Amino acid sequence: MTYLAKPRLLRPDTPRNALGYTRRDYEGAISTLCAGCGHDSISAAVVQCCFDLDIEPHRVAKLSGIGCSSKTPDYFLGNSHGFNTTHGRMPSVLTGAALANRDLLYLGVSGDGDSASIGIGQFAHAMRRGVNMTYLVENNGVYGLTKGQFSATADKGSKSKRGVVNNDTPIDLVTLAIQLGASYVARSFSGDKEQLIPLVKGAMCHRGPALIDVISPCVTFNNHAGSTKSYDYVREHNEAINRLDVILPRDRLAVSYAPGELRRVVQHDGSTLYLRKLRADYDPSDRVGAMNYLQERRALGEIVTGLIYVDADADDLHHYLNTVETPLNQLGVAELCPGAEALAALNESLRKGA
Amino acid sequence: MSTVPSLRKRNDFVIKFANINGTGSASANELFARAVMGMGVPVAPRNIFPSNIQGLPTYYEMRVSGTGWLGRQGGCDLMVAMNPQTWDRDVAEITPGGYLFYDSTKMLPRSRFRDDVTVLGLPLMEICAREYTDPRQRQLMKNILYVGALTALLGIDFPVVEGLIAHQFRGKDKLIDANVRALKLGHDEARATLPCPIGLTVERSDGVGDRIFVNGNDACALGAVYGGATVAAWYPITPSTSVIEAFGNYCRKYRTDPDNGMARYAIVQAEDELASIGMVIGASWNGARAFTATSGPGISLMQEFFGLAYFAEVPAVIFNVQRGGPSTGMPTRSQQSDLLACAYASHGDTKHVLLFPEDPYECFVFGAQAFDLAERLQTPVFVMSDLDIGMNESLCRPFDWDDSRRYDRGKVMSAADLDAGRNFGRYLDVDGDGIAYRTIPGTHPVRGAYFSRGTTRNAYAKYSEAGADYVYNMERLRRKFVTARKLVPPPVRKDAGRPASCGAIYYGSTSPAMAEAFALLEARGIHVDLLRVRAFPFADEVMDFIAAHDRVFVVEQNESAQMRTLLINEGEIDPRRLLRVLHYDGTPITARFIAGRIADAVGQAQDSAVSPRQQVAS
């Protein structure tokens, strides 16, 4: 953690985005996590991403559960409303928030304990319901705040700092999310911001449930030999399948890749995902193929990263519910209350019987 | 034959229908209830049903109440015995001199009858087998057949029932014809073979007036519609399920955008009660009016979230349609046994607002008001209905609404307020009433954002474990609940005919039985002042009432006297002054029970030299 408050004064040449905001406008309180924590890199990626995408700070609502990861929304987007909810239950609170106002961008921040252990139920149902959100799992395989117990994503056979071997089969949130209907699913590594930032951008431009499982080493409790979530282990086993560039409609891009190397996906909001293939045969629009690929590579000990699955035409919960375009929280008594006359008619029918 | 004379009662008796569930009897029985009301005679019917879909015994107990009392009376003057499984105990239940109506298709030995009741047999199955070929048709029409027979037996005007059928199946002429034919078959057969009318008769009256006949769950749902709820998240659980079903039906009718058919509401069936209340809290935090409907087990599951909403100060409305507990308890029976689980829900020092509707009318009123209270107080509000109110149709005042009424959204700072430089501290008590201002996400690009959390914080919503910050916050929450006492519905008082030293406190579905018990007691010269509590935290009038009486009976439908506990705890009342009158077998409380308990206690006090404040346990 850093104890040095950042200077308030900005240099005149500080970069500003199209809305006139500096990166500082997207930052939050000073992090209280351990120095070198992967989570801080993810926070920085979120800041960069919102700055780059010219998102008005108050257009984002950030929600989290409980744990080290869930503390992080305090450390970015200080001008956005945030809600640090209960352990494992952020998905339901986010779902309710999204129902109330379809116009905001919802950023769910969770950890492996919060999502895969106590919160696996809510995680699963938010994905299958099609909630329009970016769901970041800051995945380090351990409980940090309670000092290093295994979580449900810890690999079988991996060792805790105290030398205890984990015998439980791990839950892979990426496979699960694809199976359950998430329409944008990626894995990344907090130590690779070149990969992470575009993946977060693509997710924030996506309509529907977008999950990014970010392996984010815990420097204090899970960064030792024998861990499969340490910086060294992840770097050695990271197999990126593609590299992503997110291009907004306002951007002009000259694409200079050879045909066949590049895949172009236009999302609902007009953003375009340019995917540079690192694995020639990988098709991120093939849902079953993606699940098979993940299992095959996993058996070889690889950690597959990149944009693993995307369906740019997916619908979301509001579409299924056919809710009005005006956010529900902005409807007034005139739109909501049927009034005295309708009630008198209803009374009359209740006198006569059904 | 019997030496007991047959009962002769006009417009005031109890009919009980013993059926097998899943046979379509419920709608036939309700048709019959409506027929009696069509004669202008009030009825109070109650479904007493099992937690099952098909094959188990189910009862429809209908009080024909020319006197207007709508509580359960107890006893059975006419048994419509349609369930062979429960025959013996159903026959045994009939009041001496009463009547037994049954399907005489199969011969029964004389020993299965009683000689002190009038037996009315009609070969219903035989008639159905003769008239209908389809087995389902035979089953359904058998129900209509007995309705027709009862119409004749009790002297109900045939056109009244005919008209009800025409209304019920309007637009479906074939169904009207078939049902009217069955009705007539039963009616004519009874006329031809039985002594019509019997000693129990329905005579035209004007006792119903302009009242409506509706159940509490529908009324709660309608209250939510009028109260401006846009988000409902729920998990199915008896007896609350129909609150959401009704909300959906009303919303489709009243909340569909006429221009494009889109919905001005969102209903999500969640994966469990934790997710339901989570969604409600998320939606409310984001400025929509949101609610859930549940019952005891759901309340248990939601506890952690209630604490979050209380402490992070997020509005939420919970319709708790109470059933018999603990655990799975009696899922299809009624109790008032969640008071403590709701009043102090969740760990740590919490306290919640509870509203106690007495009937569907108040379900509607409180259902709408709950949203104003939740937003004004920024806290969960529980509408404490129960199965008796929720799932039984009952006669009540017609719903009313003032079109000039506006929703009270509470203390919300707008972008203009923030631009004007108003000091925003999310947990800062600027007005001294314990209620701080909030902002809704998305209000202002760079002002007014804050981080909601269940952890402690200072007045500006910054994380803090400082003792002074924690104490400031807890004291403010306590002030907020003092404010709440003045905002919730006040109690309703009804004084005895003469100055009384005894009082009785009651609430919720006990109301109709209590009203009748009051009359019974007055008639016996026992004078008791009544106070109907309508909300928690208690208004000052509640404690004033207790102070003004030597002894106060607390009448309630649970085993552990939960309202009494709340009164003692919140009002620092001497426990000896509050006497328990408890009914908790799962059936709705009766006037006879209440009057009996109170009369016994008063009698004992008068007869003996023991302290008049002696506790009377039920």
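**Focus on the overall build of chain A**
What chain A contains, in helices and strands, is 12 helices and 13 strands. The C-alpha atoms of chain A give a radius of gyration of 22 Å, which matches the 20 Å a tight globule of 354 residues would have. Its C-alpha atoms give chain A principal-axis dimensions of about 75 × 55 × 50 Å. Within chain A, the proportion of its 354 residues that are buried is 54%. Sequence separation of 24 or more characterises 72% of the internal contacts of chain A that already satisfy a separation of 6 or more.

**Observations concerning the domain arrangement of chain B**
Residue and element names in this part refer to chain B. You can read the domains of chain B as domain 1 (9–201), domain 2 (214–396), domain 3 (415–487) and domain 4 (492–607). With centres defined by C-alpha atoms, the gap from domain 1 to domain 2 works out at 35 Å. Contact residues are listed per partner, giving 10 residues for domain 1 and 9 residues for domain 2. Per element, the largest residue contribution to the side of domain 1 that touches domain 2 is 4 residues, and it comes from strand β3 (residues 43–48). Along the lines of polarity and charge, the residues of the side of domain 1 that touches domain 2 split into 6 nonpolar, 2 polar and 2 charged.

**Some details on the pairing of strand β9 (residues 212–215) of chain B**
All names here are of chain B. The side-chain alternation of β9 yields two buried faces, one formed by I212 and V214 and the other by F213 and N215. One ladder, built from 4 bridges, connects β9 with strand β16 (residues 393–396); its direction is antiparallel. Its bridge partner being in β16, N215 is matched across the sheet by E393.

**Considering the packing of helix α1 (residues 25–38) of chain B against helix α4 (residues 135–154) of chain B**
Residue and element names in this part refer to chain B. For the pair α1 and α4, the least separation of the axes is 9 Å and the interaxial angle reads 20°. For the element pair α1 / α4, the angle class is roughly parallel. Classified by chirality, the crossing of α4 by α1 is right-handed. Counted together, S25, A28, L31, F32 and A35 of α1 and N143, I144, V147, L150 and T151 of α4 form the full contact between these two elements. A per-class count over the contact of α1 with α4 returns 7 nonpolar, 3 polar and no charged.

**Things to note about the nonpolar core**
Formed by 290 residues in total, the largest nonpolar core has its most connected members in V36, V231, L354, L355, V554, I594 and I598 of chain B. Each residue touching L355 of chain B, except ones within four places of it in the same chain, is listed here: F366, A370, V381, F382, V383, M384, V488, P489, R534 and A535 of chain B. The next biggest cluster of nonpolar side chains, apart from the first, holds 6 residues, and it includes Y143, F150, A154 and F221 of chain A.

**Section: the packing of helix α3 (residues 124–131) of chain B against α4 of chain B**
Residue and element names in this part refer to chain B. Across the interface, α3 lies against α4 with an axial gap of 9 Å and an inter-helix angle of 125°. By the criterion of interaxial angle, the relationship of α3 to α4 is oblique. The chirality of how α3 crosses α4 is right-handed. Between α3, through L124, M125, I127, C128 and A129, and α4, the contact on the second element is made entirely by R138, M141, K142, L145 and Y146. Here the contact of α3 with α4 is built from residues that sort into 8 nonpolar, no polar and 2 charged.

**Looking at helix α16 (residues 467–487) of chain B**
Residues spaced three or four apart along an α-helix face the same direction, because each turn holds 3.6 residues. Over its 21 residues, α16 of chain B extends 30 Å from the first C-alpha to the last, a length consistent with the 30 Å expected when each residue adds 1.5 Å. Taken together, the buried residues of α16 of chain B touch β14 (353–355) and α13 (360–377) of chain B.

**Looking at the environment of E131 of chain B**
Residue and element names in this part refer to chain B. Of note, E131 is situated in helix α3. By the C-beta count within 10 Å, which is 14 here, E131 ends up partly exposed. The sequence separation of E131 and M107 amounts to 24 residues, and the corresponding C-alpha distance is 21 Å.

**Structural notes on the interface of chain B and chain A**
Interfaces are often sized by the accessible area lost when the parts come together. Of the residues lining the interface, 58 residues belong to chain B; the matching set on chain A comes to 53 residues. For the side of chain B that touches chain A, the elements supplying multiple residues, two or more each, are α5 (158–168), β9, α7 (216–226), β10 (231–234), β11 (266–269), α9 (273–285), α11 (303–312) and β17 (451–453) of chain B. The biggest single contributor to the side of chain B that touches chain A is α9 of chain B, with 9 residues. Taken together, the residues of the side of chain B that touches chain A sort by class into 36 nonpolar, 13 polar and 9 charged.

**Details of the sheet that holds strand β12 (residues 272–277) of chain A**
Residues and elements named next belong to chain A. Ordered by their spatial adjacency, 3 strands build an open sheet running β10-β12-β11, and the pairing between neighbours is antiparallel. Edge strands, defined here as strands with exactly one partner in the open sheet, are β10 (242–247) and β11 (262–266). Across the sheet, the mean angle separating the axes of adjacent strands is 20° when strand polarity is ignored. Bridging between β10 and β12 involves 6 bridges; their strand directions are antiparallel. Paired with D245 across the strands is Y274, a residue of β12. Contacts from helix α7 (residues 193–205) reach β10 and β12 within the one sheet, and its direction differs from that of β10 by about 50°.

**A few points about the sheet that holds strand β2 (residues 12–20) of chain B**
Residues and elements named next belong to chain B. Across the sheet, 6 strands lie side by side as β3-β4-β2-β5-β6-β7; this open sheet has mixed pairing. Both outer strands of the open sheet, β3 and β7 (118–122), are each paired with one neighbouring strand and no more. The average angle at which neighbouring strand axes cross in this sheet is 15°, direction not considered. Here strand β6 (residues 99–103) pairs with β7 via 5 bridges, running parallel. Each residue of the ladder has a partner; that of D103, found in β7, is L122.

How each quantity is defined
Residues numbered from 1 in each chain as written. Chains lettered and ligands numbered in written order. Predicted model: local features only at pLDDT ≥ 70, side-chain atom pairs only at ≥ 80, totals over all residues. Helix = DSSP H or I, 4+ residues; strand = E, 2+ residues; numbered from the N terminus. Rg over C-alpha atoms; globule rule 2.2 N^0.38 Å. Buried ≥ 20, exposed ≤ 12 C-beta atoms within 10 Å, placed from the backbone. Contact = placed C-beta atoms within 7 Å. Domains from an automatic or database assignment. Nonpolar A, V, L, I, M, F, W, Y, C, P; charged D, E, K, R; others polar. Pairing = 2+ DSSP bridges. Axes fitted to C-alpha atoms, helices over the stretch in contact; angles between N-to-C directions. Parallel < 35°, antiparallel > 145°, perpendicular 65-115°, else oblique. Left-handed = near helix turned anticlockwise from the far one by under 90°. Core = buried A, V, L, I, M, F, W, Y, C linked by C-beta atoms within 7 Å. Expected span 1.5 Å × (residues − 1).

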